Amino acid sequence: MSPAERTASSPAAAAATPRSGSAARSRPAGRPAAAVDVPRRVRLTLARIDPWSVTKLSFLLSVAVGIALVVATAVVWSVLDGMGVFTDVNGLLRDVVGGDVEVDLLDYLALGKVLSLATVIAVVDVVLLTALSTILAFLYNVSSALVGGLRVTLSDD
């Protein structure tokens, strides 16, 4: 046997040789090659959720929802103003109430006031969603201690 053949047949050379696809998976001795292609399944139980990580994640997600709420409010207000909805509603209110009463809808629905209200709602949303999700994490931990948690089956397709 030549030195090149000995090097190629050594276990280190075999481990360094790249394999692709299902040939890369190691096959236990005595199992047919078709059994290698079957995806593995693992059954796990979600027994506990860390409340601190839930608090951090829910805070970040609720801040994102709050920012989206303020931006969406500004966009909707701008679209309604651009379409002339506020002036049309002002004209309708003047027709209904009468010409002698001065009614201006934009005194109540100005962009600054609407965005201020949306910001207050977003801040309340951040506080409530963060607190609610943390409380739900604690409740899940208590209930999973009683019933054993949530069973999940994972597969490597």
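The rules we used
Residues numbered from 1 in each chain as written. Predicted model: local features only at pLDDT ≥ 70, side-chain atom pairs only at ≥ 80, totals over all residues. Heavy atoms only, no water. Helix = DSSP H or I, 4+ residues; strand = E, 2+ residues; numbered from the N terminus. Buried < 20%, exposed > 50% of the residue type's maximum accessible area, 1.4 Å probe, protein only. Axes fitted to C-alpha atoms, helices over the stretch in contact; angles between N-to-C directions. Parallel < 35°, antiparallel > 145°, perpendicular 65-115°, else oblique. Left-handed = near helix turned anticlockwise from the far one by under 90°. Polar contact = N/O pair within 3.5 Å; in protein donor to acceptor, adjacent residues only side chain to side chain. Contact = heavy atoms within 4.5 Å. Salt bridge = Lys/Arg side-chain N within 4 Å of Asp/Glu carboxyl O.

Caption draft 1: Expanded view of the environment of Ala110. Locating Ala110 in the fold gives a position in the loop between helix 4 (85-97) and helix 5 (111-147). Here Ala110 falls in the partly exposed class, since its relative accessible area comes to 26%. Spatially, the C-alpha atom of Ala110 lies 9.9 Å from that of Phe86, the residues being 24 residues apart in sequence.

Caption draft 2: Representation of the packing of helix 3 (residues 51-82) against helix 5 in the model. Close contact between helix 3 and helix 5 brings their axes to 8 Å; oriented N to C, the two are set at 155°. Between helix 3 and helix 5, the angle is such that the two are roughly antiparallel. Judged by the twist between their axes, the crossing of helix 3 over helix 5 is right-handed.

Caption draft 3: Structural detail: the side chain of Ser133. If you trace the backbone, Ser133 turns up in helix 5. Looking at Ser133, its side chain comes within polar contact range of the side chain of Ser58, at 2.7 Å. At a separation of 2.9 Å, a polar atom in the side chain of Ser133 contacts the main-chain carbonyl oxygen of Leu129. In this structure, Ser133 is in contact with Val54 and Ser58, ignoring residues within four places of it in sequence.

Caption draft 4: Structural view of the environment of Thr153. Among the secondary structure elements, Thr153 is positioned in strand 2 (residues 150-155). Of the residues examined, Thr153 reaches a relative accessible area of 47% and is grouped as partly exposed.

Caption draft 5: The pattern of salt bridges, seen in detail. One pass over the structure, following the stated rule, counts two salt bridges. Between Arg40 and Asp156 there is a salt bridge, with its nearest N and O atoms 3.2 Å apart. Taken as a pair, Arg40 in the loop between helix 2 (11-16) and strand 1 (41-46) and Asp156 in the segment after strand 2 lie far apart in primary sequence, 116 residues in all. Accessibility expressed as a relative area gives 28% for Asp156, which makes it partly exposed. We note a salt bridge from Arg94 to Glu102, for which the minimum N-O separation is 3.3 Å.

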